[in-house]
Structures are given as structure tokens and as C-alpha cells.
Amino acid sequence: MSGMHADLSLVDPLVVNLTHRAALGDVLTRGAQTYGDRTAVVDGDHEVSYRELDARANAVARGLLADGLERGDAVALQIQNRWEFVVTFFACAKIGVVAMPLNLALPAADIAYQLADSGVRAVVAEEAFLPVLEEALHTAEEAAVRSVHVIGSAPAEVAGRRAADFRALLDNDTATVEVVVEDRDILHCLYTSGTTSLPKGVVTSHVAVLIASLTSALEFGLPRGRRGAVMPIVLPLFHVTGLDVLLLPMLVTGGTAVLHRGFDPETLLDDLAVRRATHVALLPAMWGALLDHPRLGEIDTTSLRVGIYAMAPMPAQRLEAIRAAFPRADVILGSGQTETTPLSELQWPEHQGEKDNSWGPPVATTDVRIMGPDGGLLPPGEEGEIVYRTPQLMDGYWNNPGANAEAFAHGWFHGGDVGYLDEEGVVWFTDRTKDMIKTGGENVSSVEVERAVLAHESVAECAVIGMPDDRWGEAVTAFVVAAPGRTVDPQELRAVCKRNLAGFKVPKHFEVVGALPKTATGKIRKHELRRS
């Protein structure tokens, strides 16, 4: 290697690694030293300090090594939002083992595919999920899983694989584990939702996730001092948002993560009233349920400084209501995807009420451009595909060279979204490439139509798709869910859309449904609506 470099040939390679690396497992090592007895994680009535969290992660890491796992092997996590998830994740990080959280809403057939495709060697699972895991392992007989560590009562085996009590892992030495973990080692594998094809395993390195965590901390304004931020986490930790955008930035900065198994407005209000929560991220429907709760007006909400929403747009009237209910909070949209270890874009507080329908500017570590069909970059105002360059980017898709070649075409990462940049560099999302509607020779953004429908007070949720039509090619069709206590009148919705949209964008059909099909993380499964 030419150029100016230090000669470290007389230094132990392990020492070089330990003193220079950007490895996620070291976050807890430093947290134990800096924050000590400060509460890191709240799980119901159970609180775990930074020192305890680090000690347990070291113990589990040693137990996984004793189980025969090696650097580069993978462990699946079938665990809800609880302290054991956090401990197991960091245990893997400390020894260079890849953590692969499983979507808890998946049926056995989907889990079987992921276990076989990823080659995981071990599973850490809650007792409640053993039936679906056993079915998955019987289905995927070729899966490389050798052992199952059970949180709860453990049988002797699961589908012929050795089973053991998770608590046995905690009985190991709690001293800091010191082994080689390189910056570019894979930290986690997260499978995409697979709404249009087989799910893809997104593999992301330690350094990418660490940079992403620091970016989120910066963008959210997470304080690092004698008192950290307090964030209830209701989104699942098996998803990139709950894990990389919410949990890890909190632990990097000495905050307290309050884990919830799911969304319950009553307990979330307790977090605001008693724990004085400073930051929270919710899906739009969750914000709506919080606004409708009768206790909201009875508590002091001034502790909340940042309220984030994601996954779907929110009508202006709901945003105004949220900002009125939380007067000291910036209520802003965060955007990104698994492959870019979001955040990728985040609205600035100055954009509130001005550019609410935008994604906001790129975060500090991300370069966002707009690309035309020939691979050329487009100027502000011109619509095309949104593409990325960022150190937060995934290494690539596991076991899928064709998808990687397509994703990195023309020297940028392609996320499959369409939009444009304005003169201020703010990203405006038009639609997913696959969700654009072609009707009567015109392109229609489903997102634009959804915003128009959601502006009516009778509508709680809306999804717009193109349905096959002999005359139009695709007919713009809106599936709507009524707001609590309201009745949807399709004629009223059509009138609202006619006032706010071009004629060819107005839905030809309105379908009133009780609920929209969604993934476990709140994304609407539009492909299921197309089959209805």
C-alpha cells in the first residue's frame, strides 16, 4: 500500500482493532463507563441500567461463543420489544455475529424461507413463538439452525434442534468481551417486507449502522449529558425504524428507551405524564388515536420536544391538532428505507406548516439526487427516481447479485421512489415506482390522491391504487376507512377531490372498508387491495 500510513507491525492486531474500530457493540461498553447506573431500558416494571445491560450482553456473548458460533455466523431473534432483545442484539454485535430479527407477524412459511435463505445457525426465541418456529424448521429442513435458546420454559428440542433456557446464557462471565470485529463486518440482516416478490435480506455493516445512529441523534437533537432523552418505543424492534432510528441513537447518547410490546395510548400517556417523555415516533393512525384519547387534555404534555411520524402522510388538520396538543414539540416527518438505514430525509422544524407534504431535506450524511431514465441526474423541479449515496447504505442484498446490480445501476442506490427536489434541496416524494397509476394515458400519483381524500374529516385512512379497466387501462380507486363515529359518503369525497385535483386524478371508485391490510410495521399492502 502506497502513501503515508503508520507502521503498526509491532502492535498486536487485536489491539489495533480494539483501539480503532467502529463497532456497534462498543456502544454499551462505553455506555457502562459513562452512564453507569442510569436507566437504559425500561421493560414494564423492569428497569435495566447501562452497567447491567452491558454485563448481560457480555454474558450472552460468551454463551453464544460457547455454543459454537463464530464471527460472521448469524443468529435469528424471535423476540418482542423487551430487554432480552436488546441484550441479545448487543451480544451478537460484541462478537461479530450477525443479528437477524424476525418479523413476529410472519407465518411459518415465510420464516422458513428466511431461515433457509440466511443460513442462521441459532435462534433466540420467546416461548410463545415456539409453535410457529417449530413449523418453520420442519418446513425448512435444509436450514442450518443447530440450537434454540428459549426465553421462558424450554423443551429439550425444537424440530430436532437442541433447545436450552436463555437464562443459562446469562450465567456466563460478564467481563468485557474483546475479539476482533471489523468496521465492515455485517451487524444485522433485515428482510424486506416482500410485498411484490420474495423478501430480500438487507445486510448492513457495523460502521453504517453506527453512522446512522449518530445521524439520527444529531437530527433529533438527542441531548447527551447528566440527563438523556426519554423515548417510548412502540414500533417493533425487528424493524429498521424501531431498531436503528429509535433504540440505538438513544443508547448512543445515554437516553432511556421505554419499550412497549405494541401501541396503547393509555400507557403512552403515562410515559408523558410520569416519565416526561421527550421524543416519540408514531404512525399517523397512532397519532390519531392519541388525539382522540379523553385523558390527553388532562396531562402536561410540555416535556415532548420532538414528535415524529412516518410510513404515511397526515392531513393538515391532524398535524395542526397534534401541534396544538404538544405545544413545545416539533412534529415532523421522517423518511427512509431499510436499505439506507434511515433516517434518509427529515423535515426541519422551520418547514412545519410550510412544507408538511415534503419529505424534507436529506440528513447530514446522505446525498439525495433525482435520476432520469437514462441515468442522468436531473435539476431541481424535474421529476424522476430518488437515488442515494450515503455511508449509512446497506452492503447489499444477501445472496442476490441480480438485485444488487439493479440497485446500484449508474453509480447510485435506487430506492424505487419517484419525486423531485425543490430549489432549497427539499425532497418531494411523488410515489413508489410500482404504485404510480397509468389512467387514460396520464400518470397519477397515488400519494397525491390519498392526501386529497384524507383531507375530509370523515376519513381516517386511505389507500389509492389503479384497478384494471377496459376504458382507462387503470381506474383510480380509493379504499377508505371511516373515522371513529363517522360515516363516509363517496359523493362528498368525490366532490372534495374534484375541487382539489385534476379531473383525471379523481377516483372513479370509492370502496369503504373496515380496515386496510398492513404489514406489522404499518405499511399498507396495496398488492392485496389489487387482488380484492
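Positions within a chain are numbered from 1, following the residues in the order the chain's sequence is written. Residues qualify for local features only when their pLDDT is at least 70, as the model is predicted, and side-chain atom pairs are given and counted only at 80 or more; totals for whole chains, interfaces and linings, by contrast, use all residues. Here the side-chain values reflect all heavy atoms present in the structure, with hydrogen atoms and water set aside.

The name given to the chain in an unreviewed UniProt entry is Acyl-CoA synthetase, with Saccharopolyspora taberi as the source organism.

Caption draft 1: Fine view of the pairing of strand S13 (residues 279–282). Remark: exposure states derive from per-residue accessible area (1.4 Å probe, protein chains only) relative to the maximum for the residue type, with buried under 20%, exposed over 50%, and partly exposed in between. Comment: elements are numbered from the N terminus, with helices defined as DSSP H or I runs of at least four residues and strands as E runs of at least two. Residues His 279 and Ala 281 of S13 are buried on one face, and the alternating residues Val 280 and Leu 282, pointing to the opposite face, are buried as well. Pairing between two strands is assigned when DSSP locates at least 2 bridges connecting them. One ladder, built from four bridges, connects S13 with strand S14 (residues 306–309); its direction is parallel. Bridge pairing in S14 places Leu 282 opposite Tyr 309. Remark: the S13/helix H10 (residues 284–292)/S14 crossover connection has right-handed handedness. Crossover handedness is defined here as right-handed if the route from the first strand over the helix to the second strand goes clockwise, with the strands pointing away from the viewer.

Caption draft 2: Focus on helix H6 (residues 130–139). Considered for burial, the residues of H6 that qualify are Leu 130, Leu 133, Ala 136 and Leu 137. One face of H6 carries all of its buried residues, which in axial projection span an arc of 125°. Residues of H6 that are exposed and point more than 90 degrees away from the buried face comprise Pro 131 and Thr 139. We call two residues in contact when some of their heavy atoms are within 4.5 Å. Looking at the buried positions of H6, the neighbouring elements they touch are strand S3 (74–78), helix H5 (108–118), strand S5 (122–126), strand S6 (147–151), strand S7 (157–158) and strand S8 (161–165). Think of it as the arc spanned by the lines of direction from the helix axis to the C-beta atoms.

Caption draft 3: Structural view of unusual backbone geometry. Of note, the amide linkage connecting Pro 342 to Leu 343 takes the cis form, showing an omega dihedral of 20°. Tracing the backbone shows Leu 343 in the loop between strand S15 (330–335) and strand S16 (345–346). Positive phi outside glycine occurs at Ala 159, with the angle close to 55°. Note that Ala 159 resides in the loop between S7 and S8. Classification of Ala 159 as buried rests on a relative accessible area of 11%. For Thr 341, which is not glycine, the phi dihedral falls at a positive 40°. Tracing the sequence through the fold places Thr 341 in the loop between S15 and S16. Classification of Thr 341 by relative accessible area gives buried; the value is 0%.

Caption draft 4: Quick peek at the layout of surface pockets. A pocket here means an open set of points on a 1 Å grid, computed over the protein atoms alone, that has protein on both sides within 12 Å along at least five of seven lines. A cavity is instead a set of points where a 1.4 Å probe fits but cannot get out; residues with an atom within 4 Å of a point line either one. Grid points are joined across faces, edges and corners, and a volume is the space filled by probe spheres set on the points. Empty space within the second largest pocket amounts to approximately 430 Å³. Lining the second largest pocket are 17 residues; nearest its centre among them are Gly 288, Asp 292, Arg 318, Ala 483 and Pro 484. Those elements that place two or more of their residues in the lining of the second largest pocket are H10, helix H11 (316–325) and strand S24 (459–469). Following the grouping adopted for this structure description, the nonpolar residues are Ala, Val, Leu, Ile, Met, Phe, Trp, Tyr, Cys and Pro, the charged ones are Asp, Glu, Lys and Arg, and the polar ones are all others, Gly among them. Within the lining of the second largest pocket, the residues separate by chemical class into eleven nonpolar, two polar and four charged.

Caption draft 5: Representation of the nonpolar core within the structure. Counting residues in hydrophobic clusters, the biggest one holds 103 residues, and the most contacted among them are Leu 24, Phe 89, Phe 90 and Trp 287. With nine residues, the single largest contributor to this core is helix H4 (residues 83–94). The residues contacting Phe 90, other than those within four sequence positions of it, are Leu 24, Gly 25, Val 27, Leu 28, Ala 57, Leu 248 and Leu 251. Side-chain atoms within 4.5 Å are what join buried Ala, Val, Leu, Ile, Met, Phe, Trp, Tyr and Cys residues into a set we call a nonpolar core. If you look at the next biggest cluster of nonpolar residues, it comprises 28 residues, including Ala 112, Leu 137, Ala 143 and Val 150.

Caption draft 6: A look at a nonpolar patch on the surface. Excluding any residue in a salt bridge, patches collect residues exceeding 30% relative accessible area, merging like charges within 9 Å and nonpolar Val, Leu, Ile, Met, Phe, Trp and Tyr side chains within 5 Å. Method for areas: the Shrake-Rupley scheme with a 1.4 Å probe, in which residue coverage is limited to the protein chains shown. Any carboxyl oxygen of Asp or Glu that lies within 4 Å of a side-chain nitrogen of Lys or Arg is treated as forming a salt bridge with it. Nonpolar side chains collect at one region of the surface, where Leu 8, Val 11 and Val 15 lie side by side and expose about 200 Å² of accessible area between them. According to the relative accessible area criterion, Val 15 is partly exposed, its value standing at 38%.

Caption draft 7: Structural detail: the packing of helix H3 (residues 50–66) against H4. Their axes nearest at 8 Å, the elements H3 and H4 cross at an angle of 60°. The orientation of H3 relative to H4 falls into the category oblique. The hand of the H3/H4 crossing is right-handed. Each of Leu 53, Asp 54, Arg 56, Ala 57, Asn 58, Val 60, Ala 61 and Leu 64 in H3 lies in contact with H4, whose residues at this interface are Trp 83, Val 86, Val 87, Phe 90, Ala 91, Cys 92 and Lys 94. The class makeup of the residues in the contact of H3 with H4 is eleven nonpolar, one polar and three charged. All axes are obtained by fitting lines to C-alpha atoms, using only the stretch in contact for helices, and the reported angles, taken between N-to-C directions, cover 0 to 180 degrees. Any angle from 65 to 115 degrees is called roughly perpendicular, while one under 35 is roughly parallel, one over 145 is roughly antiparallel, and all others are oblique. Whether a crossing is left-handed or right-handed is set by the direction in which the near helix is turned from the far one by less than a right angle, anticlockwise for left-handed and clockwise for right-handed.

Caption draft 8: Summary view of the packing of aromatic side chains. Aromatic rings from Phe, Tyr and Trp, with only the six-membered ring used for Trp, were paired whenever their centres fell within 6.5 Å, and each pair was classed as stacked if the ring planes differed by under 30 degrees, edge-to-face if by over 60, and tilted otherwise. Tallying each qualifying case throughout the model produces six aromatic pairs. A centroid spacing of 5.6 Å and a plane angle of 85° characterise the contact between Phe 89 and Phe 90, whose relative ring orientation is edge-to-face. A residue is classified by how much of its surface remains accessible, and Phe 89, at 1% relative accessible area, is buried. The buried category is assigned to Phe 90, whose relative accessible area is 0%. Taking 5.8 Å as the distance between ring centres and 80° as the angle between the ring planes, the aromatic pair formed by Trp 287 and Phe 326 counts as edge-to-face. Of this pair, Trp 287 sits in helix H10 while Phe 326 is found in the loop between H11 and S15, placing the two residues 39 residues apart along the sequence. Residue class for Trp 287 comes out buried when judged on its relative accessible area of 0%. By definition, being over a ring means that NZ of Lys or CZ of Arg is both within 6 Å of the ring centre and within 35 degrees of the ring normal. Sitting above the plane of the Trp 83 ring, Arg 56 keeps its charged end 4.5 Å from the centroid. One residue, Lys 200, lies across the ring of Tyr 397, its end atom 5.1 Å from the ring centre.

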